[in-house]
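A look at the structure
Residue-level listing of the chains:
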Amino acid sequence: MAFQSFTSLINNVALLVAMGVLYGYVRSFQYSGQWPAKLIGGLFVGVISVGIMMNPWEMMPGVIFDSRSVLLSVGGLFLGWVPMVIAGFIASIYRVLIGGDGTFTGVSVILSSCVIGIGWAYLRKRPADSLSGWEYYVFGIVVHVNMLLWMLTLPSPTNIEVIKNLTFPILLILPVGTFFFARLLKAQSSQLEDKKRLRDSEERYRNLVDLSRDAVVVYRDMKLVFVNQAAIDWYDAPAGVELVGMPILDFVEPNYHEFAIERIKRMMATGHGEPLG
């Protein structure tokens, strides 16, 4: 039984981490923090929790073990209460449908894992992705000591048998799984934040250029790829004429084409502009 519990829990944690990678793609769409995004995040965490419970280690009929406590506690830590209310509800309904002697215990572990994650984030008053790896591990121990305490609500003598046989594998494997899953979400959060900063920076730059009173043009391969409004006004482009895509030499008198080409080559070679005079 001990070896089977070890391998089953390890496989279940591996499944969780794999599904967490998939969840990263969903987070990229719901990172805005708006209510629809939170609802989508909660639904997806709930679906993952069901997937995990569909692949448990069954100690005996109706008494199952898996890594849902890792998913829901770390989800509470990173995502907040709105998604986790939805995820906890979905996971609880599915656990009730499974049935068996461990139903009350299983639902209690689901709900308490969500609460611990949300409460930890509230008390720390820091973004979850700013916490250290050691704190993730300690957090995992707290979550799974709580899980073991709920095992006492199982019918006797099953509760004593569970505590006796599973305390060591649970406290050995699941806190480590919590650590790795939290680090995975931390890395995802960092990547999403970097992308958000880049988008914001690009938007600020574009607004600065668009609102500039100076004509600004960007060209590649001797063709315009961007012009701001000041450049359009300066050229006095007729209505319906698209400047982007036009050769830059169309804006230079034919007698000065050779001079303009040489000047562009020097600027490309040195990386510096040249005065017109």
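The preceding data block contains the structure.
This write-up is about the structure you can find in this document. Keep in mind that this is a model prediction, so the values were computed, not measured.

Now for the overall build of the protein chain. A count of helical and extended segments in the protein chain gives nine helices and four strands. Start at the N end of the protein chain and walk to the C end: the helices and strands fall as α-α-β-β-α-α-α-α-α-β-β-α-α. A buried classification covers 41% of the 277 residues belonging to the protein chain. Across the protein chain, contacts joining residues at least 24 apart in sequence account for 64% of those joining residues at least 6 apart. For the protein chain, the accessible surface area stands at approximately 15,900 Å², while carbon and sulfur atoms represent 65% of it.

Let us now look at unusual backbone geometry. The omega angle of the peptide bond from Ser 156 to Pro 157 is 5°, so this bond is cis rather than trans. Counting through the fold element by element, Pro 157 comes out in the loop between helix H6 (133–150) and helix H7 (158–211). Of note, the phi angle at Lys 125 is positive, near 50°, even though the residue is not glycine. Relative to the assigned elements, Lys 125 resides in the loop between helix H5 (103–124) and H6. Classification of Lys 125 by relative accessible area gives exposed; the value is 62%.

Turn by turn, an α-helix covers 3.6 residues, leaving residues three or four places apart pointing in a common direction. In a regular helix each residue adds 1.5 Å, so twelve residues correspond to 16 Å; helix H3 (residues 68–79) covers 15 Å between its end C-alpha atoms and thus fits that length. The buried fraction of H3 is high, at twelve of twelve residues. Listed as buried for H3 are Arg 68, Ser 69, Val 70, Leu 71, Leu 72, Ser 73, Val 74, Gly 75, Gly 76, Leu 77, Phe 78 and Leu 79. Where H3 ends, the next residue or the one after it, Gly 80, has phi of about 95°, a positive value.

In this section: the packing of H3 against H6. Where H3 meets H6, the axes come as close as 10 Å, and the angle between the chain directions of the two elements is 125°. The orientation of H3 with respect to H6, classified from their angle, is oblique. Relative to H6, H3 is oriented so that their crossing is right-handed. For the pair formed by H3 and H6, the contact residues are Ser 69, Val 70, Ser 73, Val 74, Leu 77 and Phe 78 on the first element and Tyr 136, Phe 139, Val 143, His 144 and Met 147 on the second.

What follows concerns helix H4 (residues 81–98). With 18 residues, H4 extends 25 Å between its outermost C-alpha atoms, agreeing within 8% with the 26 Å of an ideal straight helix rising 1.5 Å per residue. Where H4 is concerned, the buried positions are Val 82, Pro 83, Met 84, Ile 86, Ala 87, Gly 88, Ala 91, Ser 92 and Arg 95.

This brings us to the side chain of Ser 112. In this structure, Ser 112 sits in helix H5. Ignoring any residue separated from it by four or fewer positions in sequence, one finds Ser 112 in contact with Asn 146 and Trp 150.

Rules used throughout
- Residues numbered from 1 in each chain as written.
- Predicted model: local features only at pLDDT ≥ 70, side-chain atom pairs only at ≥ 80, totals over all residues.
- Heavy atoms only, no water.
- Helix = DSSP H or I, 4+ residues; strand = E, 2+ residues; numbered from the N terminus.
- Buried < 20%, exposed > 50% of the residue type's maximum accessible area, 1.4 Å probe, protein only.
- Contact = heavy atoms within 4.5 Å.
- Areas by Shrake-Rupley, 256 points an atom, 1.4 Å probe, with all protein chains shown as cover.
- Expected span 1.5 Å × (residues − 1).
- Axes fitted to C-alpha atoms, helices over the stretch in contact; angles between N-to-C directions.
- Parallel < 35°, antiparallel > 145°, perpendicular 65-115°, else oblique.
- Left-handed = near helix turned anticlockwise from the far one by under 90°.

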